[in-house]
Amino acid sequence: PFSALECLPQDPILGLGALYQADPRPQRMDLGIGIYKDSSGFTPILQAVREAERWLLKHRTSKSYLSSDCVPGLDNGLRQLALGDHLAAELGNLTGVIQSPGGTGALRLAAQLLARLSPRKVLVGLPTWPIHVPILERAGLSLQFWQQQGADQGFDLAALLLALDSLQPGDVVLLHACCHNPTGADPQAHEWPLIARALAERQLIPLLDMAYQGFGDSLDKDADGLRQLFSQCPTALAALSCSKNFGLYRDRIGALLVRTPTARDCQAASSHLSDIGRCLWSMPPAHGGEVVSHILASTELRALWVTEVDNMRMRISQLRSGLVAALQEAQAGERFHSLGRQRGMFSWLGLNPEEVLFLRQHGGIYTAGGGRINVSGLRPSQLANMASLLANVSR
Ligand code: PLP
Ligand code: TYF
């Protein structure tokens, strides 16, 4: 029967890694998939994670099923990390946390839960992480798109507010909480209150995707927009990922955070999320959740982890500044001016497919579509070369 199926193309971002590996040139740079790399091009296991794993090795006594929606303590740990102490306490039993395999699993839970509420539309800003669209559509949701990048490549608040006018109460708005993938362009600090008020007034449901908390300005500042939306909108969802900020990519750990108008609704939503999870993966995997839960509960490990997140962020920020300086030096022109304002793991060069190919062929520089670069993959010794190629493509 499979002869009736066409072979599907590979995920374009995942496919880049194999192309890069096959490139023998020493100056090559892998700026494709969003995985943090240190100065030697390596993705390290964080020290806090190693310590937590050592502790678990000693103290874990069983690998029996979890039989719950969350590793013990993880729900409170992640709720507090996302919402902060004050809002987590204020919302109390109006919020629930269900563990998932990565932020992707959380998005899938959110999509299927939302489908049970039958919203008319989910509003999605473009460009976005390519997997958002099929996850939402395959849950049966119908999407409406708006262009989130304005003329200056920044977040276009006016375009969002205009798009909101076509929605009805109960419709859903997907937003990246911080460090937008792929553009690196987030709402400015003074824009989040306007967004929160606009959604609350129209009785819309925010669905926040927070996959890079800590990679923008700080763990707390990066969650500021999410906190404002959770504070003002009686119904809100957030897909949390521990892949990047705990470096736990392959352990697949994330969670869906849900806020409801009443405690009864929270129980109802949580029971539906358990029901959805049971048919997707039965019970969540424990290892990554136990590591995160242990780190967040330990004063010492938590402090170590915060320092490690700070270090990753500062390194990315220095590399981005280095690229901005190299582009100025190479007189690459106005086209790349917005780079200095971008935040998080990615920067967006706004390249067309021919330009992406030009960088790859002439410089061994592997970027994702649109010229999205994983900033942590930049090598200082190659910045001048990259800048001069970019100056060439824009002439
Ligand atoms: N959302 C965005 C915007 C992402 O970039 C990613 C991946 O890195 C995810 C969600 C999902 O992350 P994961 O499922 O690996 O935790
Ligand atoms: O955008 C990225 O690079 C990360 C990692 O199918 C990723 O979000 C990329 C592609 C994919 C899953 C994760």
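Residues numbered from 1 in each chain as written. Chains lettered and ligands numbered in written order. Predicted model: local features only at pLDDT ≥ 70, side-chain atom pairs only at ≥ 80, totals over all residues.

Chemist: Explain helix α9 (residues 224-232) residue by residue, including any values.
Modeler: Within the sequence span of α9, burial applies to G225, L226, R227, Q228, L229 and F230. On its buried face, α9 is in contact with α3 (74-91), α7 (192-201), β6 (205-210), β7 (236-241) and β8 (254-259). (Buried ≥ 20, exposed ≤ 12 C-beta atoms within 10 Å, placed from the backbone. Helix = DSSP H or I, 4+ residues; strand = E, 2+ residues; numbered from the N terminus. Contact = placed C-beta atoms within 7 Å.)

Chemist: Can you break down the UniProt feature "domain: Aminotransferase class I/classII large" (unreviewed entry) in the chain residue by residue, with the values?
Modeler: The feature "domain: Aminotransferase class I/classII large" (unreviewed entry), as given by UniProt, occupies residues 29-387 in the numbering adopted here. Counted over residues 29-387, helix gives 45% and strand 14%. Its end C-alpha atoms are 13 Å apart. (UniProt positions renumbered as here; feature names shortened; annotations may be inferred.)

Chemist: Which residues make up the site of ligand 2, and what values go with them?
Modeler: Around ligand 2, a shell composed of D11, I13, L14, I33, G34, W129, I131 and N181 is seen. Its residues placed into classes, the shell around ligand 2 shows five nonpolar, two polar and one charged. There are two domains that each give the shell around ligand 2 at least three residues, and those are domain 1 (10-44 + 311-393) and domain 2 (54-297). (Near = placed C-beta within 6 Å. Nonpolar A, V, L, I, M, F, W, Y, C, P; charged D, E, K, R; others polar. Domains from an automatic or database assignment.)

Chemist: Could you give an account of the nonpolar core, with specific residues and numbers?
Modeler: Counting residues in hydrophobic clusters, the biggest one holds 106 residues, and the most contacted among them are A82, A110, M210, A238 and L256. With 10 residues, the top contributor of residues to this core is helix α12 (residues 299-329). The two domains that each donate at least three residues to this core are domain 1 (10-44 + 311-393) and domain 2 (54-297). When residues no more than four places from it in sequence are discounted, the contact partners of A82 are M210, A223, L226, A238, L240 and L257. (Core = buried A, V, L, I, M, F, W, Y, C linked by C-beta atoms within 7 Å.)

Chemist: Give a description of the sheet that holds strand β3 (residues 122-126) that names residues and reports values.
Modeler: Strand order in this open sheet of seven strands is β2-β8-β7-β6-β5-β3-β4, and the pairing throughout is mixed. Across the chains shown, the open sheet's two edge strands, defined by having one partner strand only, are β2 (95-100) and β4 (143-147). Within the sheet, the average angular offset between the axes of one strand and its neighbour, ignoring direction, is 20°. When β2 meets β8, the two strands line up antiparallel, connected through six bridges. When the bridges of β8 are listed, G96 appears paired with V258. (Pairing = 2+ DSSP bridges. Axes fitted to C-alpha atoms, helices over the stretch in contact; angles between N-to-C directions.)

Chemist: Describe in detail the domain arrangement of the chain, supporting the description with residues and values.
Modeler: Domain boundaries assigned for the chain yield domain 1 (10-44 + 311-393) and domain 2 (54-297). If you average the C-alpha positions of domain 1 and of domain 2, the two centres end up 28 Å apart. The interface is formed by 21 residues belonging to domain 1 together with 20 residues belonging to domain 2. For the side of domain 1 that touches domain 2, the residue count by class is nine nonpolar, eight polar and four charged.

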